[in-house]
Each structure stands twice: as C-alpha cells, then as structure tokens.
Amino acid sequence: WAYTEDIRQIVRYTLRQTDIYNVQPWASPIIQNNAGTQVVSELAETIIWDTRDTRLNTTKGFMVRNTVAAAGLIGTEQYVRTTADAVYYKTIVEDIVASIGGSIGLVVPYNNSFVRINNLFYIGGDSLRGFQVGGIGPRDANTTDSLGGQYYYTGTAELSYPLPFIPKEVALLGKAFVDVGSLW
C-alpha cells in the first residue's frame, strides 16, 4: 500500500518447507543437528519511507525501511525477526554523490524454541563488500563452517563519481567505499 508518494507498506505471508539433507559427516555438528525438515509460517510487515530521486544511481534523498516478522502460527519454527536499514544520498559537486547508510537486524526465538541455522542471518557479499556471503560471523572452530548469527549490523560510506572517458549516458560509475559490520 502506498500511503503517500514517499511512504508505503508491504504485508507478506510466507509458508515454506525446507529440507536440510545429505549433510556430510565432516560438516559442523551444529549443521548436522539442524538436518531434517522444517516448516516456517511467517507473517511480515515492512514500512518504507523513500525520498530518493531515483533507485538507480541516486543523487539525493534518503530511504528508511523496517521489517518485522513473526513465525509460529503453524509450522515447526517460532521466532520474531526485525531488520532496519537506512541510507542518505547527497550530491557534493556535479556528478559526485556521497552516501552513508547502515542496517541492523535481530532474530529471537520464543516458546523455548531455537532459531535453526537456515533462519539465521548471514552477511557478506552485497551486504558487506569484500567478503563472501557468510564470510564473517560465527564459525565452527574445527570445520570453519559458517553458522550464521542472531544479531548483525552493517555500515557503509560511499562516494560515486563518473568514470573518465565513459559517456554519461552509459550510467557506469566508479565507487570508493568503506564497509563495516559484524554478526554474532
């Protein structure tokens, strides 16, 4: 639903069955213990405040998003998950744009349950450049398998600029950035 030009809400229901199978005997015991079938019934709500001038190659504005999800109406998993992220863009001089942003998230079980490995957070890749997906955070000390986490944060500062000798119409930009983050 769009409440205004800049504010919208999304409500989503997901019913998903996941089978973790064929786990190798040398895999982390934590992964081995998560083998089997699970059913997630999740209701989520997202609210977004977005004043960006464009979604691709943004030059001004901001975007703030918060998602809250609860699993457990039916199925085998019972948890509450929330994530929030924000980014602000500002043109410094013509065609040079600075942005700063960050995100946080947490997932917690309820009713004496636990959060299974495939419902935890994994960061890296697009969420923390320079690392593979699941490249940071808790690992099994013996197998080095990525184990995910219940809590995370990321932050980024970025400068976008036109590349020399590339026509502006191509919309190919250079980026200098610093990313930080953690998962536990």
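Shown above is the structure to which this text applies.
Small disclaimer: the values here were computed from a predicted structure and weren't measured.

Peer 1: I would appreciate a short explanation of the nonpolar core in the present structure.
Peer 2: Within soluble globular proteins, side chains that are nonpolar generally end up buried alongside one another. By size, the foremost hydrophobic cluster in this structure holds 16 residues, and its most contacted members are Tyr79, Val107, Ile117 and Ile123. Dropping the residues within four chain positions of it, Ile117 is found in contact with Ile20, Ile31, Asn34, Tyr122, Ser146 and Leu147. Counting residues in each nonpolar core, the second largest holds 5 residues, with Ile48, Met63, Tyr89 and Val97 among its members.

Peer 1: Sorry, what's going on with the sheet that holds strand β2 (residues 36–50) here?
Peer 2: Within a beta sheet, neighbouring strands are joined by backbone hydrogen bonds and run either parallel or antiparallel to one another. Taking strand neighbours across the sheet as the criterion, the 7 strands line up as β1-β2-β3-β4-β5-β6-β7 in an open arrangement whose pairing is antiparallel. The outermost strands of the open sheet, each flanked by one partner alone, are β1 (7–20) and β7 (173–183). For this sheet the average axis-to-axis angle between neighbouring strands, irrespective of direction, equals 15°. In this structure, strand β3 (residues 61–75) lies alongside strand β4 (residues 79–93), joined through 11 bridges in antiparallel fashion. In the sheet register, Thr67 faces β4, and the bridge partner there is Thr83.

Peer 1: Before we go on, may I ask you to explain unusual backbone geometry in this structure?
Peer 2: The bulk of non-glycine residues show a negative phi, and the bulk of peptide bonds are trans. With phi around 55°, Asn22 is a residue other than glycine that occupies positive phi space. In this structure, Asn22 sits in the loop between β1 and α1 (29–33). For Asn22, a relative accessible area of 61% corresponds to the exposed category. Located in the positive-phi region is Ala171, a residue other than glycine, with phi close to 60°. By the element assignment, Ala171 lies in the loop between β6 (151–162) and β7.

Peer 1: It is not clear to me how the environment of Thr143 should be interpreted in this structure. Could you clarify?
Peer 2: Structurally, Thr143 can be placed in the loop between β5 (96–109) and β6. A relative accessible area of 22% places Thr143 in the partly exposed class. Note: C-alpha distance between Thr143 and Ala27 (116 residues apart in sequence) is 6.5 Å. Among residues more than four places away in sequence, those in contact with Thr143 are Trp26, Ala27 and Ser28.

Peer 1: Please clarify how the side chain of Thr18 should be interpreted in this entry.
Peer 2: In this fold, Thr18 is placed in strand β1. Using a relative accessible area of 19% as the deciding quantity, one classes Thr18 as buried. Here Thr18 is in contact with Gly36, Thr37, Gln38 and Asn118, once residues within four sequence places are set aside.

Cut-offs used in this document
- Residues numbered from 1 in each chain as written.
- Predicted model: local features only at pLDDT ≥ 70, side-chain atom pairs only at ≥ 80, totals over all residues.
- Heavy atoms only, no water.
- Core = buried A, V, L, I, M, F, W, Y, C linked by side-chain atoms within 4.5 Å.
- Buried < 20%, exposed > 50% of the residue type's maximum accessible area, 1.4 Å probe, protein only.
- Contact = heavy atoms within 4.5 Å.
- Pairing = 2+ DSSP bridges.
- Helix = DSSP H or I, 4+ residues; strand = E, 2+ residues; numbered from the N terminus.
- Axes fitted to C-alpha atoms, helices over the stretch in contact; angles between N-to-C directions.

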